[in-house]
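# Breakdown of the fold
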Amino acid sequence: MSLPIDDRLGHHIKRVEQELIAVKNAVLRPLGLNVPQYTVLLVLAEEPGLSGAALARRCLVTPQTMSTVLNTLESKELVIRQNHPIHTHIHEARLTRKGRSLLNRADVAAIEVEQKLGDEFTAQERTTLQQLLARCGAVLSKHMVEMKAAPTR
């Protein structure tokens, strides 16, 4: 069975994702951030005190990648990590005042990119696109569950 690359939905989704990341990296670079760093700051603004493992899951990266990102943000004094009051082997990450200030400036740039993208669609098209992407995710999640449940040969 053969499926030309132009007929593969995954190829189109990945291409658009890479273009979006490239544009966001370009607008964040003057602020000294990249997309993974910005994403961590954004998540911590909404959910302060997450562990590195929880941040990795929330930001869709590996724990190893998250460790590197957190080390960089900590060295720039944008994030502080402190021991959890009960589970001392868990480090909670929080934005510093400097981190929140930078996030506010970075968010303006990132939102502008999102708005320019969104402006290319009507409100109904945006809703439809979000629903279609959610459906893609649901199908793939279901497939993953089925694969894990299938007996190995």
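Our structure's up above, just so we're on the same page.
Please read these numbers as outputs of a predicted model, since none were measured by experiment.

Backbone geometry at Leu60 places phi at a positive 65°, although glycine is not the residue there. In this fold, Leu60 is placed in the loop between α3 (52-59) and α4 (63-75). We note that Glu77 has phi near 60°; this positive angle belongs to a residue other than glycine. Of note, Glu77 is situated in the loop between α4 and β1 (79-83).

A separate point is the environment of Val40. Within the fold, Val40 resides in helix α2 (residues 35-46). Classification of Val40 as buried rests on a relative accessible area of 1%. Measuring from C-alpha to C-alpha, the distance between Val40 and Leu73 comes to 9.0 Å, with 33 residues separating the pair along the chain. The residues touching Val40, leaving out its near neighbours within four places in the chain, are Leu55, Cys59, Met66, Val69, Leu70 and Leu73.

On to helix α1 (residues 9-28). Compared with the 28 Å implied by 1.5 Å per residue over 20 residues, the 29 Å span of α1 between its first and last C-alpha is a close match. If you check which residues of α1 are buried, you get Lys24, Asn25 and Leu28. Along the axis of α1, the buried positions cluster into a sector of 100°, meaning they face one direction only. Residues of α1 that are buried make contact with α2 and α5 (97-118).

Definitions and limits used
- Residues numbered from 1 in each chain as written.
- Predicted model: local features only at pLDDT ≥ 70, side-chain atom pairs only at ≥ 80, totals over all residues.
- Heavy atoms only, no water.
- Helix = DSSP H or I, 4+ residues; strand = E, 2+ residues; numbered from the N terminus.
- Buried < 20%, exposed > 50% of the residue type's maximum accessible area, 1.4 Å probe, protein only.
- Contact = heavy atoms within 4.5 Å.
- Expected span 1.5 Å × (residues − 1).
- Arc of directions from axis to C-beta.

The quantities given are spatial measurements derived from coordinates; they are silent on function.
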